[in-house]
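Tertiary structure, described
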Amino acid sequence: MTRPLPPQTPETEGWWEATRHRRLTVQRCRSCDHVQHYPRALCLSCRSTDLDLVDASGYGHVRSFSVVHRSADPEAFDAPYVVALVALEEGPTLTTNLVGADVDAWTCDDAVEVDWLELDDGRHLPVFVPTPP
Amino acid sequence: MTRRAAIAGVAESDLGVTGASILQLQSQAILRALDDAGLRLDDVDGLATTGIDRFPAVQVAEYLGLRPNWTDTTFGGGSSFEIMVGHAMAAISHGDAETIVVSYGSNQRSAKSRRLGGVMNPNQPESQFDAPFGVLNPVSFYAMAAQRHMYDFGTTEEQLAEIAVAARAWARLNPKAYRYTAGPLTHEEVLASDPVSTPLKVLDCCLVTDGGGAVVLTTLERARDLRTQPIVPLGYGEASTHHSMSQVPDLTRSGAYESAHRAFERSGLSVADIDVFEVYDSFTITALLTIEALGLCKPGEGGGFVADGRLRPGGGLPFNTSGGGLSYCHPGMFGLLLIIEAVRQLRGDAGERQVDGAQTAVCHGTGGILSNHATLVLGVDR
Ligand SMILES: [Zn+2]
């Protein structure tokens with residue numbers, strides 16, 4: 001299973017670079033402290049363009065999920081697998097995969113924490129595992 | 001006094017598995033709709049279409065030998081055509097165009113051009129932040145909306161299945177429906193169909209067919225002299241909330257609330273005044289969420305609301321009377337076919353599936369992953 005390498009753009013380069021060190025970051029506005037993801041050229045709250053990347057805690061909860069039975073690409077994803085929307089403690093939501101538990105074991109609102117899946121070029125994808133109770 | 005627009009002609013292209021090109025399907029639909037109205041190509045001075053490369057309206061105009069003075073190639077996925085009718089209403093009332101054709105054609109089934117993962121451009125944030133996780137676009141998103149609805153409100157897969165069952169029952173009254181002769185559908189069959197992206201199964205998902213259609217709009221004044229009964233767009237509303245999966249503000253409360261509110265407000269009607277509902281049903285959950293958004297029931301109560309079979313023929317709430325995207329036709333974007341069916345119902349032309357005395361209809365288009373919405377309120381000319 002080899003996942004295709006995601007493209008990156010100038011405003012997302014810092015976010016992807018941080019994944020090389022297994023650091024999950026979110027964008028924070030220097031003017032109003034609003035936190036957002038994915039990285040953009042402006043703050044969605046106050047429209048300031050003065051933005052920074054800061055480390056996220058890596059903790060969050062499952063807003064929703066789905067078990068995919070027909071792989072999006074059989075060479076990259078072995079069905080069944082779990083796709084999800086995870087809301088980070090800091091607020092923003094990530095599209096991701098839930099791993100580390102049976103595909104049928106998940107429920108909305110489950111507590112999760114980040115784990116990393118290495119890509120061929122040394123970047124990583126943030127995926128989520130159950131937070132130990 | 002501002003001019004008002006009216007719908008004077010409607011038609012489908014061939015549907016199903018056609019073996020035709022996109023431009024052939026477009027031509028068929030446009031010529032048939034003009035014929036329906038009693039108009040000719042030379043009467044057309046405005047053209048709105050999408051779903052063809054980068055210059056959709058210009059391309060179709062060239063193919064047909066038209067030189068329009070007004071074009072619209074808005075792309076809003078499934079809601080594109082409700083949006084285009086909204087734009088055409090404004091253009092006709094401003095005098096920018098006299099007679100506008102809104103058209104669509106797709107040969108996706110014959111050409112096998114549909115891809116399960118979705119089509120993604122590297123410039124889209126989705127290519128970086130959604131696609132690397134193997135989400136099926138759009139199925140997995142709708143699946144997650146359904147999952148959350150079930151979790152928050154106790155909605156069941158069986159209640160979702162009822163939407164597919166009702167659609168099949170209507171399709172069996174529509175000779176043009178892809179599933180016209182397929183026989184009735186049961187809850188058990190829907191529940192036993194293969195999972196695609198849980199909780200959605202094959203039979204929760206719309207068809208993949210060829211097809212297309214065209215709608216002809218002109219001034220109400222002119223439409224009154226034509227051979228069909230004019231159908232008047234009474235209100236239009238639009239709303240966009242997100243494009244990427246991770247950016248959805250609320251998984252179970254879509255922008256349909258706002259677009260419907262705007263359309264009803266402009267029409268001076270409320271949901272209780274509407275006789276026929278033609279609502280985008282890319283998936284069973286799409287229809288369920290929109291039923292709530294239109295105000296047919298309270299938020300979260302859609303599952304219980306549909307469970308008694310009221311969406312079926314004779315069930316009391318005429319809903320997706322063509323058989324919908326689930327059982328009639330779904331050529332990639334279904335929005336135009338919603339309008340065609342509503343117009344037929346309002347004219348009293350819907351044959352065996354005719355809703356008695358239908359005077360008003362709502363068409364609700366949903367684009368992308370509940371991304372954008374457009375609602376049209378239509379009525380007979382009084
Ligand atoms: Zn800010």
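Right, let's walk through the structure included here.

What counts and how
- Residues numbered from 1 in each chain as written.
- Chains lettered and ligands numbered in written order.
- Predicted model: local features only at pLDDT ≥ 70, side-chain atom pairs only at ≥ 80, totals over all residues.
- Heavy atoms only, no water.
- Contact = heavy atoms within 4.5 Å.
- Buried area = accessible area lost by both parts, 1.4 Å probe.
- Salt bridge = Lys/Arg side-chain N within 4 Å of Asp/Glu carboxyl O.
- Polar contact = N/O pair within 3.5 Å; in protein donor to acceptor, adjacent residues only side chain to side chain.
- Helix = DSSP H or I, 4+ residues; strand = E, 2+ residues; numbered from the N terminus.
- Expected span 1.5 Å × (residues − 1).
- Buried < 20%, exposed > 50% of the residue type's maximum accessible area, 1.4 Å probe, protein only.
- Pairing = 2+ DSSP bridges.
- Right-handed = clockwise from strand over helix to strand, strands pointing away.

1. Concerning the interface of chain A and chain B
Listed per partner, the contact involves 39 residues of chain A and 34 residues of chain B. Interface area for chain A against chain B, summed over the two sides, is near 2,900 Å², with a carbon-plus-sulfur share of 61%. Taken together, the connections running from chain A to chain B amount to one salt bridge. Notably, a salt bridge pairs Arg148(B) with Asp109(A), separated by 3.0 Å at the nearest N-O pair. For the interface between chain A and chain B, the tally reads 22 residue pairs in polar contact (both at pLDDT 80 or more). Put simply, the parts of the chain that give the side of chain A that touches chain B at least two residues each are α1 (13-19), β4 (59-68), β5 (81-88), β6 (93-98) and β8 (124-130) of chain A. It is β4(A) that provides the largest number of residues to the side of chain A that touches chain B, a total of seven residues.

2. What about helix α6 (residues 139-153) of chain B?
Residue and element names in this part refer to chain B. Helix length check: α6 (15 residues) gives 21 Å between terminal C-alpha atoms against 21 Å at 1.5 Å per residue, within 8%. In terms of burial, α6 is a largely internal element, twelve of the 15 residues being buried. The complete set of buried residues in α6 reads Val139, Ser140, Phe141, Tyr142, Ala143, Met144, Ala145, Ala146, Gln147, Arg148, His149 and Met150. After α6 finishes, the residue glycine 154 shows a positive phi value of roughly 75°.

3. Topic: the pairing of strand β2 (residues 46-49) of chain B
Residues and elements named next belong to chain B. Both faces of β2 are covered, namely the face carrying Gly46 and Ala48 and the face carrying Leu47 and Thr49. The sheet contact formed by β2 and strand β3 (residues 70-72) spans three bridges and is parallel. When the sheet's bridge partners are listed, leucine 47 is paired in β3 with threonine 71. Handedness of the β2-helix α2 (residues 56-64)-β3 crossover: right-handed. As paired elements, β2 and strand β4 (residues 99-106) share four bridges and run parallel to each other. Each residue of the ladder has a partner; that of glycine 46, found in β4, is isoleucine 100.

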